Amino acid sequence: MKRLMLMAVSVFFVIGAGLAQAGEINLSAAASLKDALGGIIAVYGKEHPETKILTNYGSSGALAKQVAQGAPSDIFISANQKWMDFLVKEGKVDAATAGVLAGNTLVVVGKKGSAVKGMDDLQGLERIAIGSPKSVPAGEYAEQAMRKAGIYEGLEQAKKLVMAKDVRQALLYADRGEVDAAFVYRTDALLARQAAIVFEVPAELYAPVTYPMGMTTAGSANAEGKDFHAFLGSSQAQEILKKFGFSVGK
């Protein structure tokens, strides 16, 4: 009898554990999408109150490495194709589910009324924030632009580049006046309180900014995850992305 009771208790806890995780979606997404995805999740939540979406925002590189190492994630959204390709190659993202969610543009922000009007003007500044190019796509785009403009090596040698853990930190440095300028996405610049866009980086200087998204192989069995993944491509979600300054439909 005692043995049967122990078995019943074990079954109860196994079932309970399964129920605790039912209706949960783990979302790993680039930091620059935080506010837009927050809006999308709010709308989705009204229609699916039983579903809980657990978010993990950060630099695309850091998130991709976490997913590769087994961190819980049903959907991965990167700020460039590089880290999506990395996870597909690692067998962590289902290539069949990968597609582009939205697009963005790169700008430089600084003090309102700044005399900085273009790439060459950056050479006269002392501190310029960029996301670390090794893990932050915005930083990688910024490095591309500065190299093509012929100013990267000089700024690097003069130790004028301040590396940030993600694009939002770069924006924060500029907003606080801790740096003279920062490379960020236009969508991030719209959130600044003190800093302002001083110029838009010429599109020919860097690769197009896209946000690829895909289901992880671990999340392929998550029905709620699949439903939210489909919702991200809906007209409702696309309208919210546009509201936050992203380009859609490409």
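Quick note: structure is the one above.
Draft legend 1. Molecular detail of the pattern of salt bridges. If you walk through the whole model with that rule in mind, you get eight salt bridges. Taken together, the shared-partner salt bridges in this structure form one network comprising D35, R168 and D188.

Draft legend 2. How the structure looks around empty space enclosed by the protein. Enumeration over the complete set of coordinates arrives at two cavities of 30 Å³ or more. The space that makes up the largest cavity amounts to roughly 60 Å³. Lining the largest cavity are 13 residues, with A31, G58, V136, P137 and V167 positioned closest to its centre. If you add up the space inside the second largest cavity, you get close to 30 Å³. Residue lining of the second largest cavity: S32, D35, A36, R168, T187, L191, F244 and F246, and that is the complete set.

Draft legend 3. Structural context of the packing of helix 2 (residues 34–47) against helix 10 (residues 235–243). Across the interface, helix 2 lies against helix 10 with an axial gap of 9 Å and an inter-helix angle of 150 degrees. Judged by the inter-axis angle, helix 2 sits roughly antiparallel to helix 10. Helix 2 and helix 10 meet at a crossing whose hand is right-handed. Packed against helix 2, whose contacting residues are A36, G39, I40, V43 and E47, the element helix 10 presents Q236, A237, I240 and L241 at the interface. Residue classes in the contact of helix 2 with helix 10 are distributed as six nonpolar, two polar and one charged.

Draft legend 4. A look at the packing of helix 2 against helix 9 (residues 223–232). Between helix 2 and helix 9, whose axes approach to 11 Å, the crossing angle comes to 120 degrees. Compared by their axis directions, helix 2 and helix 9 come out oblique. Helix 9 is crossed by helix 2, and the crossing has right-handed handedness. Of the residues in helix 9, those in contact with L37, I40, I41, V43, Y44 and E47 of helix 2 are E224, D227, F228, F231 and L232. Partitioned by chemical class, the residues of the contact of helix 2 with helix 9 number eight nonpolar, no polar and three charged.

Draft legend 5. Representation of helix 2 in the model. Relative to the 20 Å expected for 14 residues at 1.5 Å per residue, helix 2 spans 20 Å between its end C-alpha atoms, a close match to the ideal helical length. In this structure, the buried residues of helix 2 make contact with strand 1 (24–30), strand 2 (52–58), strand 3 (75–77), helix 9 and helix 10.

Draft legend 6. Highlighting the packing of aromatic side chains. The tally for this structure, following the rule as stated, stands at eight aromatic pairs. Ring pairs connect the aromatic residues Y141, Y185, Y206, Y211 and F246, which therefore count as one cluster.

Draft legend 7. The arrangement of the sheet that holds strand 1 in detail. Strand order in the open sheet formed by five strands is 2-1-3-10-4, and the pairing between neighbours is mixed. Looking at strand neighbours, the two that pair on one side only are strand 2 and strand 4 (99–104), the edges of this open sheet. Each strand axis lies, on average, 20 degrees off the axis of its neighbour in the sheet, ignoring direction. Pairing of strand 1 with strand 2 involves seven bridges; the strand directions are parallel. For A30, the partnering residue across the bridge sits in strand 2 and is G58. Helix 4 (residues 81–89) contacts strand 3 and strand 10 (209–215) of the sheet and is inclined by roughly 25 degrees relative to strand 10.

What counts, and where the lines are drawn
- Residues numbered from 1 in each chain as written.
- Predicted model: local features only at pLDDT ≥ 70, side-chain atom pairs only at ≥ 80, totals over all residues.
- Heavy atoms only, no water.
- Salt bridge = Lys/Arg side-chain N within 4 Å of Asp/Glu carboxyl O.
- 1 Å grid on protein atoms, 1.4 Å probe; cavity = no way out; pocket = protein on both sides within 12 Å on 5 of 7 lines; lining within 4 Å.
- Points joined across faces, edges and corners; volume = space filled by probe spheres on them.
- Axes fitted to C-alpha atoms, helices over the stretch in contact; angles between N-to-C directions.
- Helix = DSSP H or I, 4+ residues; strand = E, 2+ residues; numbered from the N terminus.
- Parallel < 35°, antiparallel > 145°, perpendicular 65-115°, else oblique.
- Left-handed = near helix turned anticlockwise from the far one by under 90°.
- Contact = heavy atoms within 4.5 Å.
- Nonpolar A, V, L, I, M, F, W, Y, C, P; charged D, E, K, R; others polar.
- Expected span 1.5 Å × (residues − 1).
- Phe/Tyr/Trp six-rings, centres within 6.5 Å; stacked < 30°, edge-to-face > 60°.
- Pairing = 2+ DSSP bridges.

Purely geometric stuff here, so don't read any function into it on its own.
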